[in-house]
Amino acid sequence: MSPRVGRVERTTKETSVLVEINLDGTGKVDVATGVGFYDHMLDQLGRHGLFDLTVKTEGDLHIDSHHTIEDTALALGAAFKQALGDKVGIYRFGNCTVPLDESLAQVTVDLSGRPYLVHTEPEKMAPMIGEYDTTMTRHILESFVAQAQIALHVHVPYGRNAHHIVECQFKALARALRYAAEHDPRAAGILPSTKGAL
């Protein structure tokens with residue numbers, strides 16, 4: 001079986017991003033975006049998804065972290081789509097529920113070829129976690145979904161601590177993506193779609 005890898009370089013006047021991902025890895029992660037908490041979340045994504053993940057981003061952090069976070073998520077989504085290839089033989093659907101102390105995240109994914117995001121999390125969260133704007137979590141998911149071309153439902157029904165609320169989302173996302181992208185031994189050579197296309 002050929003390794004399922006993706007590599008995307010994205011350069012604009014605001015950022016320079018390199019993302020490499022191996023969907024059949026062991027969770028080896030090398031991430032540096034200049035936004036500490038975001039690095040921590042991408043580390044969760046690689047380790048819990050068992051994806052080998054390299055992310056190197058240089059952005060206009062003297063303005064704020066928005067462009068850096070957004071462009072990294074866009075490149076990550078594009079690399080994930082590239083790595084998926086033709087999707088033959090995969091499970092396609094995945095879901096995972098992850099608790100983190102008082103917080104709970106429920107994530108369901110369909111590697112459908114159609115981008116769609118449903119995202120809910122508790123209101124009145126702390127606005128910042130270090131240099132990370134907590135309103136960016138939804139935007140990260142929007143950007144990732146747009147480029148990966150997947151349907152993603154993320155629901156956090158409760159939680160108090162902003163760090164926990166965001167982190168359990170990334171952990172659950174990692175697991176759901178891992179399960180959806182894995183090869184189904186009963187469906188070798190079969191595209192998981194009655195339409196004949198994903």
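- The name an unreviewed UniProt entry assigns to the chain is Imidazoleglycerol-phosphate dehydratase, from the organism Streptomyces microflavus.
- Under Pathway (unreviewed entry), UniProt gives the following word-for-word description of the chain: "Amino-acid biosynthesis; L-histidine biosynthesis; L-histidine from 5-phospho-alpha-D-ribose 1-diphosphate: step 6/9."
- Per UniProt, the chain carries the Subcellular location (unreviewed entry) text "Cytoplasm".

## Concerning the packing of aromatic side chains
Now for step 1: Tallying each qualifying case throughout the model produces three aromatic pairs.
Now for step 2: Centroid distance Phe 51 to Phe 80: 6.2 Å. Interplanar angle 70 degrees. Geometry classified as edge-to-face. Taken together, the positions of Phe 51 in the loop between α1 (36–49) and β4 (52–59) and Phe 80 in helix α2 (residues 66–84) put the pair 29 residues apart, joining distant regions of the chain.
Now for step 3: The buried category is assigned to Phe 51, whose relative accessible area is 3%.
Now for step 4: When the ring of Phe 80 is compared with that of Phe 144, the centres are 5.7 Å apart and the planes differ by 55 degrees; the resulting orientation is tilted. Here the residue Phe 80 occupies a position in helix α2, and Phe 144 occupies one in helix α3 (residues 136–148), the gap between them amounting to 64 residues. A single burial state applies to Phe 80 and to Phe 144, both of which are buried.

## A look at empty space enclosed by the protein
Now for step 1: Under the definition given, this model contains three cavities of 30 Å³ or more.
Now for step 2: The wall of the largest cavity is formed by Tyr 38, Leu 42, Leu 45, Ala 73, Leu 76, Ile 140, Leu 141, Phe 144, Phe 170 and Leu 173.
Now for step 3: Of all the secondary-structure elements, those providing two or more residues to the lining of the largest cavity are α1, α2, α3 and α4 (162–181).
Now for step 4: Space inside the second largest cavity adds up to approximately 50 Å³.
Now for step 5: Lining the second largest cavity are Ile 21, Leu 45, Gly 46, Phe 51, Leu 53, Leu 76, Phe 80, Phe 144 and Leu 177.
Now for step 6: When contributions to the lining of the second largest cavity are tallied by element, the ones reaching two or more residues are α1 and α2.
Now for step 7: When the residues that make up the lining of the second largest cavity are grouped by side-chain class, the tally is eight nonpolar, one polar and no charged.

## Overview of the sheet that holds strand β1 (residues 5–11)
Strand pairing in a sheet relies on backbone hydrogen bonds, with the paired strands running either antiparallel or parallel.
Now for step 1: Read from one edge to the other, the open sheet built from four strands follows the order β1-β2-β4-β3, with strand pairing classed as mixed. The sheet terminates laterally at β1 and β3 (29–32), the two strands that pair on one side only. Across the sheet, the mean angle from the axis of one strand to that of its neighbour is 5 degrees, orientation sign disregarded.
Now for step 2: Lying over the sheet, α1 contacts β3 and β4, oriented at roughly 160 degrees with respect to β3.
Now for step 3: Those strands touched by α2 are β1, β2 (15–22) and β4, and its axis lies near 145 degrees from that of β1.

Analysis parameters
- Along each chain, residue indices are assigned from 1 in the same order as the chain's sequence is written.
- For a predicted model such as this one, the threshold for reporting local features is a pLDDT of at least 70, and the threshold for listing and counting side-chain atom pairs is 80 or more; totals across whole chains, interfaces and linings nevertheless cover every residue.
- With hydrogens and water excluded, all non-hydrogen atoms of the structure serve as input to the side-chain values.
- UniProt positions are given in the numbering used here, feature names are shortened, and annotations may be inferred rather than shown by experiment.
- Each Phe, Tyr or Trp ring (for Trp, its six-membered ring) is paired with any other whose centre lies within 6.5 Å, and the angle between the two planes then decides the class: stacked below 30 degrees, edge-to-face above 60, tilted in between.
- Put simply, DSSP H or I for four residues or longer makes a helix, DSSP E for two residues or longer makes a strand, and each gets a number counted from the N terminus.
- Whether a residue is buried, partly exposed or exposed follows from its accessible area with a 1.4 Å probe, protein chains only, as a fraction of its type maximum: under 20%, in between, or over 50%, in that order.
- Here a cavity means grid points, on a 1 Å grid over the protein atoms only, where a 1.4 Å probe fits yet cannot get out; a pocket means an open set of points with protein on both sides within 12 Å along at least five of seven lines; lining residues are those with an atom within 4 Å of a point.
- Grid points are joined across faces, edges and corners, and a volume is the space filled by probe spheres set on the points.
- Each residue gets one of three labels, nonpolar for Ala, Val, Leu, Ile, Met, Phe, Trp, Tyr, Cys and Pro, charged for Asp, Glu, Lys and Arg, and polar for the others, Gly among them.
- Following DSSP output, two strands are said to pair if at least two bridges run between them.
- Axis definition: a line fit to C-alpha positions, over the contact stretch in the case of helices; interaxial angles, taken between N-to-C directions, run 0 to 180 degrees.
- By the convention used here, residues are in contact when the closest approach between their heavy atoms is within 4.5 Å.

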